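Descriptive analysis of the structure
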Amino acid sequence: MITPVENIPASEQALIEKAQSLAGLSLGEIAQQANITVPKNLNRDKGWPGLLLEYTLGATAGSKPEPDFPELGIELKTIPINRQGKPLETTFVSVAPLTGMVGSNWQNSHVKNKLSRVLWVPIVAERDIPIPERIVATPFLWSPSPEEENLLACDWQELTDMIVLGEVENINGRHGQVMQLRPKAANSKAKTDAFDKHGRPFKTLPRGFYLKIPFTQMLIAKHLRIG
DNA sequence: CAATGATCATGC
DNA sequence: GCATGATCATTG
């Protein structure tokens, strides 16, 4: 497995330069330099690309509830894309609290905090490309523009309102313009506390906020280098 | 064939 | 169970 090491970037500039120096490299090359074995498939190693990049860029590995680069306030996210730069998957943001949100708002939400500064590392990762041959595209640092934040805040409010009204089980992946609420659990038997529409507590599947593909696709398009 | 709902590994 | 890292795979 992948374990942390002490090559923590000293500055935002150093981090970005290090990340961009990886552009064009394959996961196999990066893994080799790190002395890490590449899995044959990701069935049982779904988080492997993320962990590899965390390790390579000097992020703090593990399950700490902090940004990947605490000193810099930057979150690292790898995102699989096709050769045209379109994301192949939605992007997990954070688990959705289903209780105790009285008084919570967009400004103090985990979602806003998580997405305040993100170092995106796109990886050309079409399914027919073997893992070691998948190529890192151009990493870029992003913070939401006012327009982007408005979209996120709107969706956060809509989904949070439904949760507060006890309608969490009526929420599906179609809700939200750019951000959706979907299961986030080990399996469908996992349960967490929530409230129904009568205000009665009950157990339900844990959910997470995910960025929809058109949204992340737009971010990548905005940062495309033409050359 | 894209998207929604389900799932996998790890640490504490 | 929850928080970290995500992708799988069935379905509409």
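Residues numbered from 1 in each chain as written. Chains lettered and ligands numbered in written order. Predicted model: local features only at pLDDT ≥ 70, side-chain atom pairs only at ≥ 80, totals over all residues. Heavy atoms only, no water.

Thoughts on the sheet that holds strand S9 (residues 207-211)
Spelled out, the test is: When DSSP finds at least two bridges between two strands, those strands are taken to pair. Numbering of helices and strands runs from the N terminus; a helix is a DSSP stretch of H or I covering at least four residues, while a strand is a stretch of E covering at least two. Here an axis means a line fitted to C-alpha atoms, over the contact stretch when the element is a helix, while the angle between two N-to-C directions is reported on a 0 to 180 degree scale. Whether two residues are in contact is decided by their heavy atoms, any of which lying within 4.5 Å being enough.
As summarised here, the arrangement of the three strands in space is S2-S9-S6, forming an open sheet in which the pairing is antiparallel. Taken across any chain shown, the strands that pair with only one partner, and hence form the sheet edges, are strand S2 (91-95) and strand S6 (179-183). Direction aside, neighbouring strands of the sheet carry axes that sit 35 degrees apart on average. Where S6 meets S9, five bridges bridge the pair, whose relative direction is antiparallel. Across the sheet, arginine 182 pairs through a bridge with glycine 208, a residue of S9. Against the sheet, helix H5 (residues 146-164) touches S6 and S9, its axis set at about 40 degrees to S6.

Things to note about the pattern of salt bridges
Rules: When a carboxyl oxygen of Asp or Glu lies within 4 Å of a side-chain nitrogen of Lys or Arg, that pair is called a salt bridge. Working definition: with a 1.4 Å probe on protein chains only, accessible area under 20% of the residue-type maximum means buried, over 50% means exposed, and in between means partly exposed.
Taken as a whole, this structure holds six salt bridges when the rule is applied. Between glutamate 149 and lysine 112 there is a salt bridge; the shortest N-O distance is 3.4 Å. Residue glutamate 149 is located in helix H5, and its partner lysine 112 is located in helix H4 (residues 110-114); the two are separated by 37 residues in the primary sequence. The exposure class assigned to glutamate 149 is partly exposed, which follows from its relative accessible area of 21%. Exposure remark for lysine 112: the relative accessible area of 23% places this residue in the partly exposed category.

Quick notes on the protein's contact with DNA strand B
Under the convention used in this document: Consider each residue's heavy atoms; a residue with any of them within 4 Å of a molecule or strand counts as near. The term polar contact refers here to a pair of N or O atoms within 3.5 Å; inside protein, the definition further demands a hydrogen-donor-capable atom paired with an acceptor-capable atom, and it admits residues adjacent in sequence only when both atoms are side-chain atoms. Note on residue classes: Ala, Val, Leu, Ile, Met, Phe, Trp, Tyr, Cys and Pro are nonpolar, Asp, Glu, Lys and Arg are charged, and everything else, Gly too, is polar.
What surrounds DNA strand B is a group of 20 residues, the closest being Arg44, Lys46, Gly173, Arg182 and Ser188. Protein-proximal atoms of DNA strand B, defined as those within 4 Å of the protein, fall in sugar or phosphate at a share of 52%. Contact between DNA strand B and arginine 44: a phosphate oxygen at 3.1 Å from a side-chain N or O atom of the residue. Between a base oxygen of DNA strand B and a side-chain N or O atom of lysine 46, the distance comes to 2.7 Å. Counting residues per element, the surface near DNA strand B draws most heavily on S6, which supplies three residues. Tallied by class, the residues present in the surface near DNA strand B amount to seven nonpolar, eight polar and five charged.

Regarding the environment of glutamate 169
Secondary-structure assignment places glutamate 169 in the loop between H5 and S6. Put simply, glutamate 169 and threonine 204 are 35 residues apart on the chain and 7.9 Å apart in space, counted from C-alpha to C-alpha. Beyond its immediate chain neighbours, meaning those up to four positions away, glutamate 169 contacts Phe202, Thr204 and Arg207. In this structure the side chain of glutamate 169 is engaged in a polar contact, spanning 2.8 Å, whose partner is the side chain of threonine 204.

A look at the protein's contact with DNA strand C
Residues in close proximity to DNA strand C total 25 residues, the closest being Glu54, Asp68, Thr78, Glu89 and Lys184. Near the protein, within 4 Å, the atoms of DNA strand C are sugar or phosphate in 63% of cases. Here glutamate 75 contributes a side-chain N or O atom positioned 3.1 Å from a phosphate oxygen of DNA strand C. Between DNA strand C and glutamate 89 there is a distance of 2.8 Å, counted from a base nitrogen to a side-chain nitrogen or oxygen. Contributions of two or more residues to the surface near DNA strand C are made by helix H3 (48-57), strand S1 (75-81) and S2.

Here's the deal with the layout of surface pockets
The criterion, for reference: Definitions used for this entry: grid spacing 1 Å over protein atoms alone; cavity, a set of points where a 1.4 Å probe fits but cannot get out; pocket, an open set with protein on both sides within 12 Å along at least 5 of 7 lines; lining residue, one with an atom within 4 Å of a point. Grid points are joined across faces, edges and corners, and a volume is the space filled by probe spheres set on the points.
Estimated volume of the largest pocket: approximately 1,400 Å³. For the largest pocket, the lining is made up of 31 residues, of which Lys46, Gly47, Pro49, Pro80 and Glu89 are closest to its centre. Secondary-structure elements contributing two or more residues to the lining of the largest pocket are H3, S1 and S2. If one sorts the elements of the lining of the largest pocket by residue count, S1 sits on top with five residues. Partitioned by chemical class, the residues of the lining of the largest pocket number 15 nonpolar, seven polar and nine charged. Its volume calculated, the second largest pocket comes out at about 510 Å³. Every residue lining the second largest pocket is counted, 22 residues in all, and those nearest its centre are Lys64, Pro65, Glu66, Glu75 and Lys114.

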